[in-house]
Each structure stands twice: as C-alpha cells, then as structure tokens.
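# Summary of structural features
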Amino acid sequence: VDESPAGPAAGASAPRTPVVPRSHGARTVRAVLKHTVMIAASLAMIYPLLWMVVSSLRPNDEIFRNPSLFPLSFDIDNYVRGWSAQSFEFSHYLMNSTLLVVGCVIGNLFACTLTAYAFARLRFWGRNIAFAMMLMTLMLPIHVVIVPQYIMFSQTGWVNTMLPLILPKFLATDAFFVFLMVQFIRGIPRELDEAARIDGCGHFRIFFRIILPLMTPALATTTIFTFMWTWNDFFGSLIYLTTPDNFTVPLALKSFLDGQGTSDWGAMFAMSIVSLIPLFLVFLFGQRFLVKGFATTGIK
C-alpha cells in the first residue's frame, strides 16, 4: 500500500505567482510628468527665439524693459526701417549671402563627392595615411590656419572678394562631408561597380552613372549643412570682406550695433527674423533627407 503523503503529482510545476499589472493611473501620471518636463524644456529652448520675434515688433525703448512675450505695443516700422537702414537695402546683403552659399554648395558637392569616391573605391599607395590625415584636420580649429590663409589670399589680391570663401570648397577642405560620403559609398554594394565594369565602364562612368544617383541622401545632407554653416558664417566674412558692398547678412546685422550706445535693436531683430526665413525653409523641406542621410551613413 502506498503510504506517501498526498500532494501534487511528481514533475508538476509549482503554481506561479500571478503578475499584478501596473495600474493605469500610475502609467498616466508618469506620462503626464514626462510630457510636462519635455514641454517645459522645449519652451525654455525656444524662448530666446520667441522673444526676438516679439522684440522685432516693439519700440526700441521697450525691448529691454519688458522681457515677457506679450508686447505692450506693436511697431512694424522696425522692418521698414531695418530694410533700408544700411548703405544698401537689406536685399543686397541677402543676395551676397545667396551667391556665397550657392558657390560653397556647388564646391562641396563637386569636390567632396570625387574625393570620397577615391577614398572609398580606388586603391592607391598611401590611401589610408591620406584618409587619416584628412580626418585629423577635423580637430584643427579655423583660428590655426586663418593667418597663413589670409597671407596667401592677400598676396593674390583676393581679399574683399568672395573667392577666399568659395575657392577652398572646390578643394574638398570640408573633411566632415568627405567622411560622410565615404561612409555612404562604402555601403553601396561593389557588385554594382563590377557589373558596370563588365559593360565597359571606367571609374568616371561608374561614378556618374552608378554611385552619384544613389548618393541623394548624402548629397542632401551636405547641401543643408553647407547652406546653414555658410549662411551663418560671421568670422570668415569678417576677415575677408571689408567694404559694405560685399557684406553678407551676418556682417549687415553687425552693422546695426554701435559701440557708442546708439544701436538700433528693433531694426536688427527685425532683419534677424528676415534672415532666419531661408534657414527655416531649407531645414523644413530638407529634414527628411537630413535624417535619411545620417541613418544611411552609419554616423550616430
């Protein structure tokens, strides 16, 4: 007779402790707190921009007396006065910046793509050393090379022209974009190159027929960043451009400030808003290309 004590069958698993689901109220409170913090941080970051927009509509004597975002009065005369307050109308400086940006964008797209293809696809002696030296230039601040560059361009008579700001772009001096495009090209299968080579294509035809059409995200990223950095560049324009007829937008905005205390802040804020419109439009319409470009190049 089996006298073993009654119990669960041999091999049967022990009863599991029921999992108590997190209450809906706790999840709701956590979500509300998270979104509240995110909204507060967003407002803190966007407050200077909103304040500048509101200040562009205030009289000069009210701009620094009222830090709130609710103006006591509106003065759209700041835009009218700021447009024609300098030696030339503000459209002249916008055109100068546009010409500079177009030249720099074309230079980077032309030179950086060719250089990146050479590093990614061609085999030549010293390629890895040259690529490492190019990456090392990313750690050099502009202030290290500005003096020898200025001496060189001064001796060629190019000071007070756009050439010192545009010509280096045609020599692939922006190592960041070269690196970005190298990473992108390395992600393109080499089988496409081999198939084109079987059909009799050389390197130039492979580049222009195969590689370049597939580089749209990287090209868009290069275009957007070159536009933003060149449009906002103040230091380079200050060094090489000396007369008002060649001033770009940053130099024109600087001209509204006077060290003697007679600065026209309202007009400067108004023209600052005008100068931000092209940046906003470029980033708005190119944002999806920008995200895709970083996602497909392996840059985190």
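Let me begin by describing the structure that accompanies this report. As a convention, each chain's residues are numbered from 1 in the sequence order in which they are written. In view of the model being predicted, local features appear only for residues whose pLDDT reaches at least 70, and side-chain atom pairs are presented and counted only at 80 or more, with totals across whole chains, interfaces and linings using the full set of residues. Hydrogens and waters are ignored; side-chain quantities use all the structure's heavy atoms.

## Digging into the overall build of the protein
Secondary structure summary: the protein contains 14 helices and zero strands in total. Helix and strand definitions here come from DSSP, where helices need a minimum of 4 consecutive H or I residues and strands a minimum of 2 consecutive E residues; each element is numbered from the N-terminal end. Along the protein, helices (α) and strands (β) appear in the sequence α-α-α-α-α-α-α-α-α-α-α-α-α-α when read from the amino end. Three exposure classes are used, based on accessible area relative to the maximum for each residue type with a 1.4 Å probe and protein chains only: buried under 20%, partly exposed in between, and exposed over 50%. The buried share among the 300 residues of the protein stands at 35%. When checking whether two residues touch, look at their non-hydrogen atoms; a contact exists if any pair is within 4.5 Å. Sequence-distant contacts, at least 24 apart, represent 70% of the contacts inside the protein between residues at least 6 apart. A total of about 18,700 Å² of accessible surface is found on the protein, and carbon and sulfur atoms cover 69% of it. Note on areas: Shrake-Rupley with a 1.4 Å probe; residue coverage comes only from the protein chains shown.

## Let's talk about helix 10 (residues 203-214)
Residues three or four positions apart in an α-helix share a direction because the helix packs 3.6 residues into each turn. A helix's residues, less one, multiplied by 1.5 Å, set its expected span. In a regular helix each residue adds 1.5 Å, so twelve residues correspond to 16 Å; helix 10 covers 15 Å between its end C-alpha atoms and thus fits that length. Considered for burial, the residues of helix 10 that qualify are Ile206, Phe207 and Ile211. Taken down its axis, helix 10 places every buried residue within 95° of arc, on the same side. Relative to its buried face, helix 10 has exposed residues pointing more than 90 degrees away, namely Phe204 and Arg209. The inward-facing, buried residues of helix 10 abut helix 4 (90-121), helix 8 (175-186) and helix 9 (190-198). By arc we mean the arc of the directions from the helix axis to the C-beta atoms, nothing more.

## A closer look at the pattern of salt bridges
Salt bridges are identified by distance alone: a Lys or Arg side-chain nitrogen within 4 Å of an Asp or Glu carboxyl oxygen. All chains considered together, the criterion is met by four salt bridges. For Arg121, the salt bridge goes to Asp193, with nearest N and O atoms at 2.6 Å. Of the two residues, Arg121 sits in helix 4 while Asp193 sits in helix 9, which places them 72 residues apart along the sequence. Residue Arg121 is classed as buried on the basis of its relative accessible area, which comes to 8%. Asp193 sits in the buried class, given a relative accessible area of 3%.

## Quick look at the nonpolar core
Of all hydrophobic cores here, the largest spans 33 residues; its most connected members are Phe90, Trp231, Phe256 and Met271. Mapped by element, the contributors of at least two residues to this core are helix 1 (24-55), helix 4, helix 6 (142-155), helix 7 (163-166), helix 11 (216-231), helix 13 (249-254) and helix 14 (265-295). Ranked by residues supplied to this core, first place goes to helix 14 with eight residues. If sequence neighbours within four positions are ignored, Met271 has contacts with Tyr79, Gly82, Trp83, Phe90, Leu253 and Phe256. We call a set of buried residues a nonpolar core when its members are Ala, Val, Leu, Ile, Met, Phe, Trp, Tyr or Cys and they connect through side-chain atoms within 4.5 Å of each other. In terms of nonpolar packing, the next biggest core, distinct from the first, is built from 29 residues, Val178, Ile185, Ala196 and Phe225 among them.

## Some points on the packing of aromatic side chains
To describe a pair of aromatic rings, you give the distance between the ring centres and the angle between the ring planes. Two aromatic rings from Phe, Tyr or Trp, using only the six-membered ring of Trp, form a pair when their centres are within 6.5 Å; if the ring planes differ by under 30 degrees the pair is stacked, by over 60 it is edge-to-face, and anything between is tilted. Scanning all chains against the criterion turns up 22 aromatic pairs. Both rings, one in Phe153 and one in Tyr240, keep their centres 5.8 Å apart while their planes meet at 85°; by these two values the pair is edge-to-face. Here Phe153 is found in helix 6, whereas its partner Tyr240 is found in helix 12 (residues 235-240), with 87 residues between them in sequence. Ring geometry for Phe177 and Trp229: centres 5.4 Å apart, planes at 35°, overall tilted. Of this pair, Phe177 sits in helix 8 while Trp229 sits in helix 11; the two residues are 52 residues apart in sequence, bridging distant segments of the chain. Of the residues examined, Phe177 reaches a relative accessible area of 1% and is grouped as buried. Its relative accessible area of 46% is what places Trp229 among the partly exposed residues. Following the ring pairs from residue to residue traces out a cluster consisting of Trp51, Phe64, Trp265 and Phe269. In this structure, Arg186 is placed above the aromatic ring of Phe131, and the distance from its NZ or CZ to the ring centre is 5.3 Å. Remark: a charge is flagged as sitting over a ring if the NZ atom of Lys or the CZ atom of Arg is within 6 Å of the ring centre and within 35 degrees of the ring normal.

## A look at the side chain of Thr230
With respect to the helices, strands and loops of the structure, Thr230 is situated in helix 11. Polar contacts, as used here, are pairs of N or O atoms within 3.5 Å; protein pairs need one atom able to donate a hydrogen and one able to accept it. Residues neighboring in sequence count only if both atoms are side-chain atoms. At 2.7 Å, the side chain of Thr230 and the backbone oxygen of Thr226 are in polar contact. Apart from the residues lying within four places of it in its own chain, the contact partners of Thr230 are Leu100, Val101 and Cys104.

No statement about biological role is implied by the geometric values presented.
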